[in-house]
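What the coordinates show
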Amino acid sequence: MDHILKKYCPRIEFDSYEDFYENFRIDIPEVFNFGFDVVDEWARVEPDKKALVWCDDHGHEYTFTFLEISQLSNKAANAFRKLGIGKGDVVMMILRRRWEYWVCATALHKLGATIIPASLQLTRKDVVYRANSADVKAIVAVNDEYVCTQVEEAMPDCPTVREKFIVDGSREGWVDFDELIAGYPDTFERPTGDAGVTSKDIMLMYFTSGTTGNPKAVEHNFAHPLGHIITAKYWQQVQENKLHMSVTDSGWAKFGWGKIYGQWIAGAVNFIYDFDRFNAQKMLAMLARYHVTSFCAPPTIYRYLVRKDIPPMPTLRHAVTAGEKLHPEISRQFTQATGLALGEGYGQTETTLLLAHFTGWPVTPGSMGVASPYYNVKLQNADGTPTPVGEIGEVVVVPPEDGSRPAGLFSGYLADPERDAQAWAGGVYHTGDAAWQTADGSYWFHGRFDDIIKTGGYRVGPGEIESVLMEHPAVLECSVVGVPDSLRGQAIQAVVVLTPGQEAGPTLEREIREFCNQKLAAYKWV
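Quick summary incoming for the structure in this document. (Residues numbered from 1 in each chain as written. Predicted model: local features only at pLDDT ≥ 70, side-chain atom pairs only at ≥ 80, totals over all residues. Heavy atoms only, no water.)

Considerations on the overall build of the protein chain
Convention followed: Secondary structure elements are taken from DSSP: a helix is a run of H or I of four residues or more, a strand is a run of E of two residues or more, and numbering for both begins at the N terminus. Using C-alpha atoms as the atom set, the radius of gyration is obtained and then compared with a globule rule of 2.2 Å times the number of residues to the power 0.38. Working rule for contacts: check all heavy atoms of both residues, and any pair within 4.5 Å makes them a contact. Residue burial considers only the protein chains on display, and all accessible areas are found by Shrake-Rupley using a 1.4 Å probe.
Along its length, the protein chain carries 17 helices and 25 strands. Taken over C-alpha atoms, the radius of gyration comes to 23 Å for the protein chain, in line with the 24 Å a tight globule of 526 residues would show. For the protein chain, the C-alpha atoms occupy an extent of roughly 70 × 60 × 50 Å along the three principal directions. Considering only contacts within the protein chain whose residues lie at least 6 apart along the sequence, 67% involve residues at least 24 apart. Summed over all atoms, the accessible surface of the protein chain reaches about 21,300 Å², with 50% contributed by carbon and sulfur.

Next up, the structure:
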């Protein structure tokens, strides 16, 4: 038990939160590669250990052991390498929750490539921006008409993209992933020397919305998965050889938080329900049917779940939430229905878990929990002075005295030293989130220092939408804000000033909204 955890954590069991905070440590080696050091290591010591249980809405169900993931990823790594993908090459993956994501990600990690996880909802413009910003060499996508069409329409403006791979079917102009890997061996030797990676090489790149302009590209290195030990083991409380479920698709950082890295390091089985459309009743049925023991979802999902009659789930031991503020009433209703306290957690795309209701800390509805022992989290005033208990300050991360960055804390923003300098002004990482702290150490979310909109678990920068609105000939000026919404946390609302000669009314309002929404991913709709 705990075979992988013991390699990197001197202690894994603690008597109290205080003991945990004082004595938890992760030892980061100079060389770490999740594909070899976690997936292949489990395959070596426990080849029949379950890694993944996957199902969808169409009756398909697959169970994969670590040995099978290892072998499939070796075949994929051999195939990708034959087509010229290697260390440092950037590959965009748009795979929803398809089981092939875990195979491709493991393969690309083994090659030392950099992955850009991307959402199904990307438009042609989004694909072009990401491909050109990061010099994307290949795209792996699910066989979805909308996704494939957006990628195909983007290709004339994406000169660095050489290959397009498709999973779950075939399509003209795309390489069929299943056919591709079928002819390659299921062994793959670990690259060494210049072809190998160190813990500091870039493994992941997440594009996440900022307050102005286009999404920023957040880079994480190969040590990043180790930073999620604390996420999986001590917040989500996954159990080795038991099923854990997190609700998210592969295009978001939350996927890395809840569906692959920390969970597999801890030896848990990732349960994946690849639904076509979210249905609360179906999800509840899946949790019960597959005997899930730990569950993580954004508050939006819990809002829908508590509206249904939650069936008995005797195997469910722990439930947590993150991504947006959870209303205490939703927490109360969930606890009343299940007997489980709903523990909140907090972090960003740039980090792993910063604050949470950890093992041994009582859940207080409405609170974000207490500080992670892995980061030096503080509240700070605008002038850099410490924020007193009970007063509102900014959540910041103070780096170690040697200036190093803990595993899980981002390496930087892609080719954007000015943004890096802003994020690290004064020698600390600024989250931009405001909170206050009670005397017992609990943190309570207050709001953003900036004006980012968090809707249904997604982060949306007002500038992205304002730039599209300004393309409409009837719009002279505009401002986009988030407004309270009972289901999504925030809805997106736009206020516009019309150009001279335009007459305000329902017809023009509808025209502008449709013009804007046709150019935006669905989660950004006004």
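Having put the structure on the table, let's press on.
Regarding the pattern of salt bridges
Using the following cut-off: By salt bridge we mean one thing: a side-chain nitrogen of Lys or Arg within 4 Å of a carboxyl oxygen of Asp or Glu. Each residue is placed in one exposure class: buried if its accessible area under a 1.4 Å probe, protein chains only, is under 20% of its type's maximum, exposed if it is over 50%, and partly exposed if it falls in between.
One pass over the full model with this rule turns up 26 salt bridges. The partner of Asp40 in a salt bridge is Lys110, and the shortest N-O contact between them spans 2.9 Å. A residue pair is termed long-range when its members are at least 10 positions apart, and Asp40 in helix α3 (residues 34–45) and Lys110 in helix α5 (residues 100–111) qualify at 70 residues. Lys110 matches Asp40 in its accessibility class, with the two residues each being buried. When salt bridges with common partners are traced through the structure, they connect Lys7, Glu41 and Arg44 into a single cluster.

Section: the sheet that holds strand β21 (residues 443–448)
Put simply, the rule reads: Strands were regarded as paired on the criterion that DSSP finds at least two bridges between them. Every angle, taken between N-to-C directions, lies between 0 and 180 degrees, and every axis is a line fitted to C-alpha atoms, over only the stretch in contact when it is a helix.
Strands sit in the order β17-β18-β20-β21 across an open sheet of 4 strands; the sheet is antiparallel. The two strands at the open ends of the sheet, each matched to only one other strand, are β17 (376–380) and β21. Here the average twist between neighbouring strands, direction ignored, is 45 degrees. The pairing of β17 with strand β18 (residues 393–398) spans 5 bridges and is classified as antiparallel. If you follow Val377 over to β18, its bridge partner there is Val397.

Looking at the side chain of Asp19
Tracing the backbone through its elements, the reader meets Asp19 in helix α2 (residues 17–23). Not counting residues up to four positions away in its chain, the partners in contact with Asp19 are Arg11, Phe14 and Phe24.

A look at the pairing of strand β2 (residues 61–65)
Looking down a regular strand, the side chains alternate between one sheet face and the other. Bridge count between strand β1 (residues 50–56) and β2: 5 bridges; the pairing is antiparallel. Residue pairing in the sheet places Cys55 in a bridge with Glu61 of β2. If you look at the hairpin formed by β1 and β2, you'll find 4 residues sitting between the two strands, and Gly59 has a positive phi there, around 85 degrees.

Considering the sheet that holds strand β10 (residues 243–246)
If you trace the 9 strands from one edge of the open sheet to the other, you get β2-β1-β11-β10-β12-β13-β14-β15-β16, paired in mixed fashion. One side of each edge strand has no neighbouring strand; the edge strands of this open sheet are β2 and β16 (370–371). As judged from the 2 bridges shared by β10 and strand β11 (residues 269–274), these two strands associate in the parallel manner. Residue pairing across strands places Leu243 opposite Val269, the latter belonging to β11.

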